[in-house]
Amino acid sequence: MNTKEKIVAAALGVYNREGIRTVTTRQIAQEMGISAGNLHYHFKHTEDIIFTIFEQLQRDYDEMVVLFDQKDATFQELLQEFTEGSYLLINKYKFIFVNFVEICTWIPAIGDAYRTLVARREEQFISLFEHYSKLGMFRQDIPIAILKGFVRQIFIISDFWYSSFAVLGGRFESDALEDYRQTIAVAFYPYLI
């Protein structure tokens with residue numbers, strides 16, 4: 001792992017622990033035991049670090065979504081894999097999910113990248129749903145407009161679930177995973193055969 005990757009890993013840990021409001025590049029450098037100047041050689045601004053972490057999150061999701069192209073699993077198996085995988089990413093990048101609206105306002109490039117990602121994912125999810133419809137595992141009578149709305153709901157659940165869980169009093173990781181599983185299962189229930 002090179003210095004830049006170490007900075008990103010350290011920053012992710014600090015942001016997850018402390019949130020985004022009070023963390024400085026100096027604090028991240030101190031966490032790593034390097035000088036602030038060394039950190040600034042790799043990242044001029046805090047925003048650059050957060051954007052790099054967001055790009056890493058996108059790559060991690062891309063790797064998970066590539067599994068969707070391996071359509072030899074049942075839809076239930078694929079849904080379970082998606083649920084478990086996305087939950088792990090929510091935990092890994094917790095500060096992004098907790099502060100997503102604020103981050104997008106502060107760093108507009110993240111909002112732009114997110115909108116592009118949602119548009120790309122919409123096509124992938126609809127293609128996946130159509131594939132499983134043909135196999136008789138997903139309802140065939142859903143109009144395209146409803147499918148697009150459902151994809152948006154999936155993003156709302158996945159990207160904003162953690163904030164809701166925390167605000168509603170969720171505290172324990174074991175409760176969180178079960179709550180996330182249940183939330184995803186309820187969202188998909190009307191569409192499955």
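Being a predicted model, the structure only gives us computed values, none of them experimental.

Thresholds applied
Residues numbered from 1 in each chain as written. Predicted model: local features only at pLDDT ≥ 70, side-chain atom pairs only at ≥ 80, totals over all residues. Heavy atoms only, no water. Axes fitted to C-alpha atoms, helices over the stretch in contact; angles between N-to-C directions. Helix = DSSP H or I, 4+ residues; strand = E, 2+ residues; numbered from the N terminus. Parallel < 35°, antiparallel > 145°, perpendicular 65-115°, else oblique. Contact = heavy atoms within 4.5 Å. Nonpolar A, V, L, I, M, F, W, Y, C, P; charged D, E, K, R; others polar. Salt bridge = Lys/Arg side-chain N within 4 Å of Asp/Glu carboxyl O. Buried < 20%, exposed > 50% of the residue type's maximum accessible area, 1.4 Å probe, protein only.

Visitor: Could you give me a rundown of the packing of helix α5 (residues 75-92) against helix α8 (residues 108-134), with the residues and numbers involved?
Guide: Closest axis-to-axis distance for the α5/α8 pair is 11 Å, and the angle between their directions is 150 degrees. Taken together, α5 and α8 sit at an angle that is classed as roughly antiparallel. Touching F75, L78 and F82 of α5 are F125, L128, F129 and Y132, all from α8. Of the residues belonging to the contact of α5 with α8, the class tally is 7 nonpolar, no polar and no charged.

Visitor: Summarise the packing of helix α4 (residues 46-66) against α5; cite the residues concerned and give the values.
Guide: The N-to-C vectors of α4 and α5 enclose an angle of 170 degrees; their axes lie 11 Å apart at closest approach. In terms of orientation, α4 and α5 fall into the roughly antiparallel class. Residues Q56, L57, D60, Y61 and M64 of α4 lie in contact with α5, whose contacting residues are F82, G85, S86, L89, I90 and K92. Residues belonging to the contact of α4 with α5 are distributed by class as follows: 6 nonpolar, 3 polar and 2 charged.

Visitor: Got a sec to walk through the pattern of salt bridges? Specific residues and values, please.
Guide: Applying the stated criterion to the full structure yields 10 salt bridges. Linking E31 and R17 is a salt bridge whose minimum nitrogen-to-oxygen distance equals 3.0 Å. You can see E31 sitting in helix α2 (residues 25-32) and its partner R17 sitting in helix α1 (residues 3-18), a full 14 residues away along the chain. For E31, a relative accessible area of 44% translates into the label partly exposed. Judged by its relative accessible area of 48%, R17 falls in the partly exposed class.

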